[in-house]
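# Residue-level structure breakdown
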Amino acid sequence: MNKAIRNKALLIVDVQNDFCPGGALGVKDGDQIIPVINNIIDKFDFVITSQDWHPTDTVHFEKWPVHCVANQKGSEFHPDLNIDKVDLKLLKGTANRDDGYSAFEATNASLTKYINENHITNLYICGIATDYCVKASVLDALELGIHTAVITDAIAAVNLKPGDDKKTLDELYKSGATLIESADI
Ligand code: VGL
Ligand code: ZN
């Protein structure tokens, strides 16, 4: 493929039942981002999802309530998310010895390899949670040297401390990420 072509990919991080209201680690307004994401899916050459996919005995559950256990209801995508056009589904957090927050730590496929093979130059990231898995995925994408944008109206934060969402966006911006609204894509 001609490398001069800009290939745009959307990474949808962890829009799963357990991270939405009513879930085991329900994030406030986690479900509110779903129509925003469904609305922009057609604008991308590639659509990639990640899912938090934990074993029951992970050290991660010393920090967090039990959530997104592999193959359970809580780890399924929220039923309203349009997954018809997803090209790659990543599973992460699958080890019992670490958190595995970043989509780049997926164990069923390599996101780095996928980005390189498909000459993806621009990665747009949305999903849950701004202050954990979105953040870790954005920082890893920046390390790769590709243009990395956070879709600011399509993310939701845990906010263990009030303001963690804003603090995270400041940090990601300072690290080189572009902050963009879905209407401007
Ligand atoms: C996440 C906390 C624990 C996330 C995953 O998807 O951001 N947050 N596990
Ligand atoms: Zn988790």
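Residues numbered from 1 in each chain as written. Chains lettered and ligands numbered in written order. Predicted model: local features only at pLDDT ≥ 70, side-chain atom pairs only at ≥ 80, totals over all residues. Heavy atoms only, no water.

## A word on the nonpolar core
Core analysis: the biggest nonpolar cluster contains 59 residues, and Leu10, Ile12, Ile37, Leu111, Leu123 and Ile151 have the highest contact counts within it. Dropping the residues within four chain positions of it, Leu111 is found in contact with Leu11, Ile48, Leu88, Leu90, Ala103 and Phe104. (Core = buried A, V, L, I, M, F, W, Y, C linked by side-chain atoms within 4.5 Å. Buried < 20%, exposed > 50% of the residue type's maximum accessible area, 1.4 Å probe, protein only. Contact = heavy atoms within 4.5 Å.)

## Points about the site of ligand 1
Every residue near ligand 1 is listed here: Asp14, Phe19, Leu25, Asp52, His60, Trp64, His67, Tyr101, Ile128, Ala129, Tyr132 and Cys133. Between ligand 1 and Asp14, the relevant distance is 2.7 Å, taken from an oxygen atom to a side-chain nitrogen or oxygen of the residue. At 3.4 Å from an oxygen atom of ligand 1 is found a main-chain nitrogen or oxygen belonging to Ile128. (Near = heavy atom within 4 Å. Polar contact = N/O pair within 3.5 Å; in protein donor to acceptor, adjacent residues only side chain to side chain.)

## A short note on the packing of helix H3 (residues 130-144) against helix H4 (residues 164-174)
It is the contact of H3 with H4, at a shortest axis distance of 10 Å, that shows an interaxial angle of 0 degrees. Classed by the angle they form, the pair H3 and H4 counts as roughly parallel. Residues Thr130, Asp131, Lys135, Val138, Leu139 and Leu142 of H3 form the contact with H4, whose own contacting residues are Asp164, Asp165, Thr168, Leu169, Glu171 and Leu172. Classifying every residue of the contact of H3 with H4 gives 5 nonpolar, 2 polar and 5 charged. (Axes fitted to C-alpha atoms, helices over the stretch in contact; angles between N-to-C directions. Helix = DSSP H or I, 4+ residues; strand = E, 2+ residues; numbered from the N terminus. Parallel < 35°, antiparallel > 145°, perpendicular 65-115°, else oblique. Nonpolar A, V, L, I, M, F, W, Y, C, P; charged D, E, K, R; others polar.)

## Some details on the coordination of the zinc ion (ligand 2)
Every protein donor of the zinc ion (ligand 2) is accounted for by Asp52 (OD), His54 (NE2), His60 (NE2) and His67 (NE2), and the metal-donor separations fall at 2.1 to 2.2 Å. Here the donor residues of the zinc ion (ligand 2) are spaced in sequence according to D-x1-H-x5-H-x6-H. As far as the burial class goes, His54 and His60 line up, both buried. (Donors = N, O, S within 2.8 Å, 3.2 Å for Na, K, Ca; no water.)

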